[in-house]
2 protein chains.
Amino acid sequence: MLITLHDAARMLSGADDILILCHRYPDGDTLGSAYALARALQGLGKRAAVDGSHEPGKRYRFLRELITPQAFEPRFAVSVDVASASLLGEPMLSRWGDRVELSLDHHRTGQPFAKCTFTDPSAAAAAEIVFRLLPLLGAPLDAGIAAALYTGVSTDTGGFRFPNTTPETLRIAAALMEAGADAARLNRLLLDTKSRGFLELERRVLGAMRFFLGGRCAVCVLPRETLDRCGVTDDEADAVPPMTRQIEGVLAGVTLREKENGDFRVSVRTQPGVDAARICRRFGGGGHSEAAGCTIHREDAPDAEEAVRRLVRAVENALPQDDVTKEERE
Amino acid sequence: MLITLHDAARMLSGADDILILCHRYPDGDTLGSAYALARALQGLGKRAAVDGSHEPGKRYRFLRELITPQAFEPRFAVSVDVASASLLGEPMLSRWGDRVELSLDHHRTGQPFAKCTFTDPSAAAAAEIVFRLLPLLGAPLDAGIAAALYTGVSTDTGGFRFPNTTPETLRIAAALMEAGADAARLNRLLLDTKSRGFLELERRVLGAMRFFLGGRCAVCVLPRETLDRCGVTDDEADAVPPMTRQIEGVLAGVTLREKENGDFRVSVRTQPGVDAARICRRFGGGGHSEAAGCTIHREDAPDAEEAVRRLVRAVENALPQDDVTKEERE
């Protein structure tokens, strides 16, 4: 059932022993939103905890210190930034998939799975929704909550660069700075810090980047061996997909990361006019119009080359028709 | 003489045939501020033009289309974002150095050189000052002015990431978006677009980056031959200095760009606590506390190695004492 934000606040106000669930491969928005909400609920005298199927990346670990560890049997599960049950990942899906009372989300696509869902696709980040929820809960915005929400807003907008950024996003970020979020320090930590291992990965990525469809599609394959040798975490490797889209003329950038089991985790980043979510839906994935993801299973593509071929074909079909025509005319 | 912003507005209101001067090696802030002001003045029925000692980089060329080319003999010169006369560069210094009526600036250091100077070091960008000046001039904020000012604010804060960014900066950016600045398009153009040549340069930079002082100082030398071979513009190479500071553990990143005449143009980027301006002042340069520049002349350093040695020594002296002690203890 779709509900209003006031309804959501009423549900949370009436609940206790609250478990907040993040999506799998957690990013700054799902984590920042979850820890901000947990801290706010704890501040209201409730027991609250955060959980998810995957460990947060190193850069997000500071969020854990924003809440007090509390042992309790959850009686109310709320998910943040989770568009579909499957995005809970395992083991959270099996454990909580059909028992989520409330979902707070900002995705346009997705399949409501919670008993009650509040979603606002105009919000750049789930953290914006938590920001608006706080006064309805009567929870004050302290520096810790502000830092967690800033993490969500900043990372989900690529540091206020993506087209999802609105004037409202910037004003919320301003309010979060005023409430004590150290924006410069957070941005440095979240967006502008590279390990030496990542430096090595970046060099290899730049060397191995390939171009298709007349330079409109950039493809980057990260074999398991490269990832292991550079010693980068999955979270660090998340910085590679945006690199593909930065190159002049590239309308769609595709990054394939080989998983331990031989599957490829695919990230697609596009320029406006090319729908990344549409490309990924062909392979059972989804996401935003300019940033989406999917998995290509080993059974479907025995090697990286076959996966690349299939992805480039999907990109080709998603390119605007006039663009193709224009090139043919040239 | 230091004046108020109201005084500055009165001076401009009483003037006509106005030449707006940018600093040498113009960046997004000096250019964005200049074109925004020129467009506003033209909108008020005045003749106005923009000039500077160096050509704007390719990514800033769109700004030119925001004003109407007008031929006139300037009767009033105003500089924007120019902290000292020497930063006008040649030929503007000889032509206008002692005839600038008004300087609009936001630098903390610098030597006032205009008849009247308004400076506000709390402003993240000169564009913030022009934004505040517009209503005092009675000039409406249209989409063109908004795009130019957004260019200034976004580039001078590294896309709202640098510590100079304030809540006010973000609110101004929000107002500029509402006035019609296409933030996503501008950020992509200004901050997130790389040519294929730059991709090649980046690969070489990452391969040749060197570390000193126990990893706290990263140094990157760009020989003329590398810059020429990659076919990147000076403007594109501006993206290299910030890369040095992004590496974990680096407190100061130093980039040396070989000029045609064998001099080295040096850019220093630092973490908080290490004063980049202080390092550069030793070599006759200056700038902000976390981003500064200077030139090391061929006479003073016959080769890159000597220049690197001198710079690393200057960085060493600028490192916080407790940091050195801490490392020694470890």
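Residues numbered from 1 in each chain as written. Chains lettered and ligands numbered in written order. Predicted model: local features only at pLDDT ≥ 70, side-chain atom pairs only at ≥ 80, totals over all residues. Heavy atoms only, no water.

**A few points about the overall build of chain A**
To keep it simple, the criterion reads: The numbering of helices and of strands both runs from the N terminus, where a helix is a DSSP run of H or I of at least 4 residues and a strand a run of E of at least 2. Relative accessible area decides the class of each residue, using a 1.4 Å probe on protein chains only: under 20% of the type maximum gives buried, over 50% gives exposed, and in between gives partly exposed. Whether two residues are in contact is decided by their heavy atoms, any of which lying within 4.5 Å being enough. For every accessible area listed, the method is Shrake-Rupley and the probe measures 1.4 Å; residues are considered covered only by the protein chains on display.
Scanning chain A for helices and strands turns up 14 helices and eleven strands. Once the C-alpha set of chain A is aligned to its principal axes, its extents read approximately 65 × 40 × 40 Å. Here chain A holds 330 residues, and 58% of them are scored as buried. The long-range fraction of contacts in chain A, counting pairs at least 24 apart against all pairs at least 6 apart in sequence, stands at 67%. Carbon together with sulfur atoms contributes 49% to the accessible area of chain A, which is approximately 13,400 Å² in total.

**So, the sheet that holds strand β6 (residues 210-212) of chain A**
Residues and elements named next belong to chain A. Let me state the cut-off plainly: The criterion for strand pairing is that DSSP finds at least two bridges linking the strands in question.
Strand order across the open sheet formed by six strands is β6-β7-β8-β9-β11-β10, with mixed pairing between neighbours. A strand with exactly one partner marks an edge of an open sheet, and here the two such strands are β6 and β10 (286-287). Of the pairings in the sheet, the one linking strand β7 (residues 217-222) to strand β8 (residues 252-258) comprises six bridges and is parallel in character. Within β8, the position partnered with A218 by the bridge is G253.

**Here we look at the interface of chain B and chain A**
For the record, the criterion: Note on terms: buried area is the combined drop in 1.4 Å-probe accessible area of two parts once they are placed together, counting the loss on both. When a carboxyl oxygen of Asp or Glu is within 4 Å of a side-chain nitrogen of Lys or Arg, the pair counts as a salt bridge. Side-chain atoms alone can form a polar contact between residues adjacent in sequence; in general such a contact is a pair of N or O atoms within 3.5 Å, and within protein one must be able to donate a hydrogen while the other accepts it.
Between chain B and chain A, the contact holds 40 residues from the first and 40 residues from the second. Approximately 3,900 Å² of surface area, both sides summed, lies buried where chain B meets chain A, with 55% of it carried by carbon and sulfur atoms. Among the residues of chain B in contact with chain A, R161, L206 and Q246 of chain B are the three that bury the most area, contributing 19% of the side total. Here chain B is connected to chain A by eight salt bridges. In this structure, R188 of chain B engages E290 of chain A in a salt bridge whose closest nitrogen and oxygen atoms are separated by 3.8 Å. Between chain B and chain A we count 20 residue pairs in polar contact (both at pLDDT 80 or more) in total. Those elements that provide at least two residues to the side of chain B that touches chain A are α6 (167-178), α7 (183-191) and α8 (196-208) of chain B. In terms of residue count, α6 of chain B provides more of the side of chain B that touches chain A than any other element does, eight residues in total.

**Some remarks on the relation of the copies chain B and chain A**
The test is simple: The least-squares superposition of copies is restricted to C-alpha atoms, and to residues with a pLDDT of at least 70 in both copies.
Expressed as a screw operation, the relation of chain B to chain A combines 0.0 Å of axial shift with a rotation of 180°, fitting to an RMSD of 0.0 Å. Accordingly, the operation relating the two chain copies is best matched by a two-fold axis. In this assembly the copies share their binding face: 100% of the residues contributing to the interface of chain B also contribute to that of chain A.

**A word on the packing of helix α2 (residues 28-43) of chain A against helix α4 (residues 126-137) of chain A**
Residue and element names in this part refer to chain A. Quick reminder of the rule: In this analysis an axis means a line fitted to C-alpha atoms, helices contributing only their contacting stretch, and an angle means the value between N-to-C directions, from 0 to 180 degrees. Roughly parallel here means an angle under 35 degrees, roughly antiparallel means over 145, roughly perpendicular means 65 to 115, and every remaining angle is called oblique. Throughout, the ten residues Ala, Val, Leu, Ile, Met, Phe, Trp, Tyr, Cys and Pro are labelled nonpolar, Asp, Glu, Lys and Arg are labelled charged, and all others, Gly among them, are labelled polar.
Across the interface, α2 lies against α4 with an axial gap of 9 Å and an inter-helix angle of 10°. Between α2 and α4, the crossing angle belongs to the class labelled roughly parallel. Contacts between α2 and α4 involve D29, S33, A36, L37, A40 and L41 from the first element and A126, A127, V130, L133, L134 and L137 from the second. When grouped by side-chain class, the residues that make up the contact of α2 with α4 number ten nonpolar, one polar and one charged.

**A few points about the packing of helix α6 (residues 167-178) of chain A against α6 of chain B**
Across the interface, α6 of chain A lies against α6 of chain B with an axial gap of 8 Å and an inter-helix angle of 170°. Looking at the two axes, α6 of chain A sits roughly antiparallel to α6 of chain B. Contacts between α6 of chain A and α6 of chain B involve P167, L170, R171, A173, A174, A175, M177 and E178 of chain A on the former and, on the latter, P167, L170, R171, A173, A174, A175, M177 and E178 of chain B. A breakdown of the residues in the contact of α6 of chain A with α6 of chain B according to their chemical character gives twelve nonpolar, no polar and four charged.

**A short note on α8 of chain B**
Applied cut-off: For a helix, the expected span equals 1.5 Å multiplied by the number of residues minus one.
Taking 1.5 Å of rise per residue, the 13 residues of α8 of chain B would be expected to cover 18 Å, and the 19 Å separating its terminal C-alpha atoms lies within 8% of that figure. For α8 of chain B, every residue scored as buried is listed here: G197, F198, L199, L201, E202, V205 and L206 of chain B. Packing partners of the buried residues in α8 of chain B comprise α8 (196-208) and β6 of chain A together with β7 (217-222), α9 (224-230), α10 (234-237) and α11 (240-245) of chain B.

**Notes on the pattern of salt bridges**
In the structure shown here, the tally under the stated rule is 46 salt bridges over all chains. Put simply, D17 of chain A and R75 of chain A hold a salt bridge, and the shortest N to O gap is 2.9 Å. With D17 of chain A in the loop between α1 (5-14) and β1 (18-21) and R75 of chain A in the loop between β2 (48-51) and β3 (76-80), this residue pair connects regions lying 58 residues apart in the sequence. Two residues, D120 of chain B and R132 of chain B, come together in a salt bridge whose shortest N-O distance is 3.1 Å. Pair noted here: D120 of chain B is in the loop between β5 (116-119) and α4 (126-137) and R132 of chain B is in helix α4, with a separation of twelve residues, a long-range link. A single salt-bridge network, built from bridges that share partners, covers D17, R47 and R75 of chain A.

Just geometry here; none of it tells us what the structure is for.
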